[in-house]
Amino acid sequence: MTPVALQVSDIVRIITTVESTEEAGAPAATASVLGDEIFAFEPTAAKTTAEVTREGDDVVLSRWRLGGPSRQVERISHREWTTEYDLAAERSDEAQDDDATASTPEDEAVLLLLLGWRVSCTPTVSGATVVATPQRDGSVDVGAQWRSLDLEPDSAIELSWQRPCGPQTQWNEIADQTGVRDSHGNFIALDGQTLDALKFLLAPAWISTAFTSDREGWHSKGGHVAPSFLASDFLVGVDDADQEVVKARLTKTDNWSRAHGMAGPFDTVKDVVAHLNDTGQPFVGCYLVALANGHCYIGETVNFRDRLSTHKRTFVDQVYGFYVRPDAVAASMSPREAQKDHLHLVEQKLIHEAQESKLIAENFREMAHPIDEFVGFTQEIQPSEAERWFEDPVAANRSDTRPLRALETHQHGGKQSKFSSLASRSEAGEIVGIVHDYLTRCVPYPARTEMVSWSLSCLPGVQRGDRGARSNVLACLSISMTEVLTLLQNAESGQCWGFLAVNDVELGQDDDLQFIRLLRRHPGIDIEASRYHEFGPGVSMIYAPNLPALRRLLDDVEVTRAAATVALRLCRVGPSRQINVHNPYLVEAALGQSRRWT
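Caption draft 1: Representation of the packing of aromatic side chains within the structure. Across all of its chains, the model carries seven aromatic pairs by this definition. Measuring from ring centre to ring centre gives 6.4 Å for phenylalanine 41 and tryptophan 171, while their planes differ by 75°; the resulting arrangement is edge-to-face. Of this pair, phenylalanine 41 sits in the loop between helix 1 (3-15) and strand 1 (48-55) while tryptophan 171 is found in the loop between strand 6 (156-162) and strand 7 (172-173), placing the two residues 130 residues apart along the sequence. Assigned by exposure class, phenylalanine 41 and tryptophan 171 land together as buried. Considering the side-chain rings of phenylalanine 200 and phenylalanine 211, the 6.2 Å spacing of their centres and the 85° angle between planes classify their relative orientation as edge-to-face. One end of the pair, phenylalanine 200, is in helix 5 (residues 192-201); the other, phenylalanine 211, is in the loop between helix 5 and helix 6 (243-259), with 11 residues separating them in the sequence. Neither residue differs from the other here; phenylalanine 200 and phenylalanine 211 are each classed as buried. Grouped by ring-pair contacts, the aromatic residues Trp497, Phe499 and Tyr543 constitute a single cluster. A cation sits over an aromatic face here: arginine 520 above phenylalanine 211, 4.0 Å from the ring centre.

Right under this line is the structure:
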């Protein structure tokens, strides 16, 4: 079972409920809008097949028995369908415990039917078998989804149960007869988590409005970059000497802190400690340090006394006051790593909301637009240009007429031969195309920021991975000192693959349904939290199993928005530290421009 399958399975258990008016433990029935008794499971009943299909503005339920003709059972409007079954609709808080009752063949048959699968049920004297095949309406690449789980396209889910032996017993799902059967008749047993993933990843999009989003689209089809969830305004022309401005900032910070459940302001750390002791609250939680110039700093800690004392030593007499928000949930967790993970998420949300409220936060991590910018970046990109770029990276880059910077040939000796070696490979076109898409859609004004903020290696001669799973780096684009796009080739199989960095908030990682939508659009990808501390919390790496999958990711307007936010932040953080491996010839090929060489 893949990590992605496990994540989808967890989400499925949260967001799905088969509507039933019967008592818990009794067989589920389809809602009245589609009629009752679609499937029969008596030992003498004939095999029954049913499916729901979209016909114009209607949804049609059809059913047929073995050897008989297809018969329309019900026709309803698509609006009525989504009202009754939409996964995005609010669900009851009284969801049953997963382990409270055993799954029955009718439960599974109804769920698969409501997810748009063609479902066949075959009862026998000893049990029952449910077989389901996905529809192919073009909204999801069914073949690619099967292959992403190492299964043959045109396979079918096959589930078998043993019939109850008496009134006090339940249907018993047969584990080694639960899985998929391919088109050649071979049966592959699968765990429940992988099957849960399949049910959702292969469902047709019309089944639920949850499977599409207003933000999604493709660059290749004229899609516009998704708007940012983070603050887009740059704090320009800050006047810390104007006392009226500073007073207004302090008032705004105080109002914001109180609105977000913080107590304060406290003049000293001793006052904070006294407050916590008097109220019996834990010394674990989030805080805000208000500064005398109207700026602030937001953080999290497992010890308010120690952390705030450190800030007092750092900011000295600039501290205006401390605000604290103890976190009882974090305090109850163990080990300490669990506390920190929880607090990081809370801190992340607070920093983002502070930016949206236009507080001047002096944080480094989680800031879409850090205050203390890298001077080299600000010399190349004016604040108004950076703001325009953040609003629409593709349009801003397209309108930039600055040519690639001139270079001296002797400073890049050997780089041309590396690029020539890459160009001779069969995958060269795909590699150049991927770099082109990343530079033009995700990097601020790439011709200006080349070698200032970012560098691009080409066949650097390094490997990644553990022994037995080593991969050679084909190209790596780094901003500041951190890699944001890496293309590799497995040293044994020759398979090319890659990964890129994305901002979790922009990608909608906190939205379970958004995660499923992303997987439906991009079969075979994997997503993991980044291990690079330079990113801070809130950045993930998307791993693509091959180069076409990576290029498809960079065609997705939601993905490039998430990648662009990471790229801008790193450009503003510091200079490129990988210039020694930079290959300007690969840059020329990717951007389709020639530079002046001397």
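Moving on, there is more to tell.
Caption draft 2: Main features of unusual backbone geometry. Across the junction of glycine 264 and proline 265, the peptide omega takes the value 5°, indicating a cis bond. Within the element layout of this structure, proline 265 appears in strand 10 (residues 263-266). Of note, the amide linkage connecting serine 334 to proline 335 takes the cis form, showing an omega dihedral of 0°. Tracing the sequence through the fold places proline 335 in the loop between helix 9 (328-331) and helix 10 (336-356). One non-glycine residue, aspartate 150, lies in the positive phi region at around 60°. Residue placement: aspartate 150 occurs in the loop between helix 4 (142-148) and strand 6.

Caption draft 3: Highlighting the confidence of the model for the protein chain. Summary statistics for the protein chain give a mean pLDDT of 86 and a share of 86% for residues scoring 70 or more. Segment residues 14-36 is flagged for pLDDT under 50; beyond a separation of four residues in sequence, or across chains, it makes 47 contacts in the model. Below pLDDT 50 for its whole length, residues 89-100 participates in eight contacts with residues either more than four positions away or in separate chains.

Caption draft 4: Just the side chain of glutamate 51, in detail. Here glutamate 51 shows up in strand 1. Assessed through its relative accessible area of 12%, glutamate 51 is described here as buried. A polar side-chain atom of glutamate 51 sits 3.1 Å from a polar atom in the side chain of arginine 118. Excluding anything up to four places from it in sequence, glutamate 51 contacts Val60, Leu61, Ser62, Trp64, Leu113, Trp117 and Arg118.

Caption draft 5: Layout of the nonpolar core. Judged by nonpolar contacts, the single largest core of 115 residues is most densely connected at Val119, Leu198, Tyr438 and Leu500. In terms of residue count, helix 20 (residues 557-573) provides more of this core than any other element does, nine residues in total. Filtering out sequence-adjacent residues up to four positions away, leucine 198 remains in contact with Trp117, Trp146, Leu149, Leu151, Ile157, Val180 and Leu190. If you look at the next biggest cluster of nonpolar residues, it comprises 16 residues, including Val269, Leu291, Leu308 and Val324.

Caption draft 6: Spotlight on the pairing of strand 17 (residues 482-490). Where burial is concerned, most of strand 17 is hidden: eight out of the nine residues are buried. The sheet contact formed by strand 16 (residues 471-479) and strand 17 spans eight bridges and is antiparallel. Within strand 17, the residue paired with isoleucine 479 across the bridge is threonine 482. Between strand 16 and strand 17, which pair antiparallel one after the other, the connecting turn spans two residues, and serine 480 there sits at a positive phi close to 60°.

Caption draft 7: Looking closely at the sheet that holds strand 12 (residues 296-301). Strands sit in the order 10-13-11-12 across an open sheet of four strands; the sheet is antiparallel. Two strands bound the open sheet, and with one partner strand each, they are strand 10 and strand 12. Taking each pair of neighbouring strands and ignoring which way they run, the sheet shows an average axis angle of 20°. With seven bridges connecting them, strand 11 (residues 285-291) and strand 13 (residues 319-326) associate as antiparallel partners. The partner of alanine 290 across the bridge, within strand 13, is glycine 321. Here helix 8 (residues 304-315) sits on the sheet in contact with strand 11, strand 12 and strand 13, set at roughly 20° to strand 11. On top of the sheet, helix 10 reaches strand 11, strand 12 and strand 13; it is set at about 165° to strand 12, its chief contact.

Caption draft 8: Just the pattern of salt bridges, in detail. Summed over the entire model, instances satisfying the criterion amount to 24 salt bridges. Where lysine 340 meets glutamate 300, a salt bridge forms, and the shortest distance between an N and an O atom there is 3.0 Å. With lysine 340 in helix 10 and glutamate 300 in strand 12, this pair connects stretches of sequence that are 40 residues apart. Assessed through its relative accessible area of 10%, glutamate 300 is described here as buried. For the salt bridge of aspartate 400 with arginine 448, the shortest nitrogen-to-oxygen distance reads 3.0 Å. Of the two residues, aspartate 400 sits in the loop between helix 13 (393-399) and helix 14 (415-423) while arginine 448 sits in helix 16 (residues 446-449), which places them 48 residues apart along the sequence. Relative accessible area serves as the criterion here: at 5%, arginine 448 is assigned to the buried category.

Caption draft 9: Structural context of the packing of helix 7 (residues 269-279) against helix 8. The interhelical angle for the contact between helix 7 and helix 8, taken along N-to-C directions, is 160°, at an axis separation of 9 Å. One way to sum up the angle between helix 7 and helix 8 is to call them roughly antiparallel. Taken as a pair, helix 7 and helix 8 cross one another with a handedness that is right-handed. Counting all contacts with helix 7, which are made through Val269, Val272, Val273 and Leu276, the residues of helix 8 involved are Phe304, Arg305, Leu308 and Ser309. By residue class, the composition of the contact of helix 7 with helix 8 is six nonpolar, one polar and one charged.

Reading the values: the criteria
- Residues numbered from 1 in each chain as written.
- Predicted model: local features only at pLDDT ≥ 70, side-chain atom pairs only at ≥ 80, totals over all residues.
- Heavy atoms only, no water.
- Phe/Tyr/Trp six-rings, centres within 6.5 Å; stacked < 30°, edge-to-face > 60°.
- Helix = DSSP H or I, 4+ residues; strand = E, 2+ residues; numbered from the N terminus.
- Buried < 20%, exposed > 50% of the residue type's maximum accessible area, 1.4 Å probe, protein only.
- Lys NZ or Arg CZ within 6 Å of the ring centre and 35° of its normal.
- pLDDT = per-residue confidence, 0-100.
- Contact = heavy atoms within 4.5 Å.
- Polar contact = N/O pair within 3.5 Å; in protein donor to acceptor, adjacent residues only side chain to side chain.
- Core = buried A, V, L, I, M, F, W, Y, C linked by side-chain atoms within 4.5 Å.
- Pairing = 2+ DSSP bridges.
- Axes fitted to C-alpha atoms, helices over the stretch in contact; angles between N-to-C directions.
- Salt bridge = Lys/Arg side-chain N within 4 Å of Asp/Glu carboxyl O.
- Parallel < 35°, antiparallel > 145°, perpendicular 65-115°, else oblique.
- Left-handed = near helix turned anticlockwise from the far one by under 90°.
- Nonpolar A, V, L, I, M, F, W, Y, C, P; charged D, E, K, R; others polar.

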